[in-house]
Amino acid sequence: MQATANSNEQDLTLAPPTPLQEFWRGFAANRGALAALIVFSLIALASLLAPWVAPYSPIEQFRSHMLQPPVWAEGGSRQFLLGTDELGRDILSRLLHGGRVSLGIGLASVLMSLLPGVLLGLLAAFYQKLASPLIMRVMDIMLALPGLLLAICVITVLGPGLINTVIAIAIGALPGYTRLTRAAALAEITKDYVTASRVAGAGNLRLMFVAVLPNCMAPLIVNASLSFSSAILETAGLGFLGLGVQAPTPEWGTMLSAARDYIQRAPWVVTLPGLTILITVLSINLMGDGLRDALDPKLKKL
């Protein structure tokens, strides 16, 4: 009996889990999301360390080794583990350096659309008579065009290039963040803690960024992770069409575009960039599912 009482006292003295520990438990419970986190971390780390990990420069040409197969195929060599492309450039080096470009564009476009989207959504929620009609009608017009088509229109006006690709993808993702922020903020405005803050004398700016915004972050984080994968796909699509990052800068979509004429003669030139895009996007989407499970209170297991 005394041992049981001591164990009960120890259980009572255990500190409750911190929000970070609770989040990690919810995320780690999704095995697919945990595996995707490991895969994506490896891809991101390899891309970040590309200047030191890549065996060759991404633009260096080996004219005597053009379209050389990967090391596991007949005619392959350890000198080029994943083979070479139509100009004799090392595919492994181009994939690593291309990851820096694709992931960088995806991250930059998410930030460029998230920040103004959150601001516009909060303005539309707090100023429903003045700002909301104008902001939401503009967002509706932008949503009338698919994201990739809108990006193509922006690129047509601005011209192809790295910076313009980021701007084009960010503009296409802006309506989603604005509408999501507005809907989440409208659901929070009616709650008691917002009313209490308003009665205590808090202004609209304080209510927006101190009271309401922190409680709207969960759906925004999940949407940002999914937008990250969409941005990588749109970057690859623009590069494939010749409207994105221009040669000789390595980028996964540009690599696909340059290799499409050799799909039968040298299928690895097309397959390897395509698999890289597939694995990266799939891992980000699975991570988004894990974030949703960890951040949504309705999905947490009791």
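You'll find the structure just up there.
A quick note: this is a predicted structure, and the numbers were derived from the prediction, not measured.

1. Structural notes on the overall build of the chain
Each helix and strand counted, the chain has 13 helices and 0 strands in total. Listing every helix and strand of the chain by position from the N terminus yields α-α-α-α-α-α-α-α-α-α-α-α-α. Expected size for 302 residues packed as a compact globule is a radius of gyration near 19 Å; at 24 Å, the chain overshoots this value by more than 25%. Each of the three principal axes of the chain carries a C-alpha extent, and together these read 75 × 65 × 30 Å. Out of the 302 residues in the chain, the part that is buried amounts to 41%. Taking all contacts inside the chain whose residues are at least 6 apart in sequence as the whole, residues at least 24 apart take part in 69%. Carbon and sulfur atoms provide 66% of the accessible area of the chain, an area that totals close to 16,400 Å². Across the chain, the centroid of the 20 positively charged side chains sits 6 Å from that of the 17 negatively charged ones.

2. Concerning the side chain of S93
One can find S93 in helix α5 (residues 91-126). A residue is classified by how much of its surface remains accessible, and S93, at 0% relative accessible area, is buried. If near-sequence neighbours (up to four positions away) are discounted, S93 is found in contact with A54, P55, Y56, S57 and P58.

3. A closer look at the pattern of salt bridges
According to the stated counting rule, one finds 6 salt bridges in the structure shown. The closest approach of N and O atoms between R89 and E86, which form a salt bridge, is 3.7 Å. Among the salt bridges present, the one from R179 reaches D140, with a minimum N-O distance of 2.8 Å. Linking R179 in helix α8 (residues 162-189) with D140 in helix α6 (residues 132-143), this pair joins segments that are 39 residues apart in sequence. Owing to a relative accessible area of 29%, D140 belongs among the partly exposed residues under this scheme.

4. Overview of the packing of aromatic side chains
A complete count under the given rule lists 5 aromatic pairs for this structure. Ring centres of F40 and F228 lie 6.0 Å apart, and the angle between their planes is 85°; this geometry places the pair in the edge-to-face category. Placement of F40 in helix α3 (residues 31-48) and of F228 in helix α11 (residues 217-240) is noted, with a sequence separation of 188 residues between them. Under the relative-accessibility criterion, F40 is labelled buried at 14%. Note on Y56 and F62: the rings are 4.9 Å apart at their centroids and 70° apart in plane angle, and the pair reads as edge-to-face. By relative accessible area, F62 is classed as buried at 15%. Taken together, the aromatic side chains of Y56, F62 and F80 make up a single cluster linked through ring pairs. Over the face of the ring belonging to F240 we find R260, whose NZ or CZ atom lies 5.1 Å from the ring centre.

5. Some words on helix α10 (residues 204-212)
Looking at α10, one finds that the buried residues are L207, M208, A211 and V212. Around the axis of α10, the buried residues are gathered within 125° of arc, so they sit on the same side. Within α10, the exposed residues directed more than 90 degrees away from the buried face are L205 and R206. Residues of α10 that are buried make contact with α5, α8 and α9 (192-199).

6. Remarks on the environment of A170
Tracing the sequence through the fold places A170 in helix α8. Among the residues examined, A170 registers a relative accessible area of 5% and is labelled buried. Excluding residues within four positions of it along the chain, A170 makes contact with S109, M112 and S113.

7. Brief notes about unusual backbone geometry
The backbone of L67 shows a phi angle near 55°, a positive value even though the residue is not glycine. Mapped onto the elements, L67 comes out in the loop between α4 (50-53) and α5. Among the residues examined, L67 registers a relative accessible area of 12% and is labelled buried.

Thresholds applied
Residues numbered from 1 in each chain as written. Predicted model: local features only at pLDDT ≥ 70, side-chain atom pairs only at ≥ 80, totals over all residues. Heavy atoms only, no water. Helix = DSSP H or I, 4+ residues; strand = E, 2+ residues; numbered from the N terminus. Rg over C-alpha atoms; globule rule 2.2 N^0.38 Å. Buried < 20%, exposed > 50% of the residue type's maximum accessible area, 1.4 Å probe, protein only. Contact = heavy atoms within 4.5 Å. Areas by Shrake-Rupley, 256 points an atom, 1.4 Å probe, with all protein chains shown as cover. Lys, Arg positive; Asp, Glu negative; His and termini not counted. Charge placed at Lys NZ, Arg CZ, Asp CG, Glu CD. Salt bridge = Lys/Arg side-chain N within 4 Å of Asp/Glu carboxyl O. Phe/Tyr/Trp six-rings, centres within 6.5 Å; stacked < 30°, edge-to-face > 60°. Lys NZ or Arg CZ within 6 Å of the ring centre and 35° of its normal. Arc of directions from axis to C-beta.

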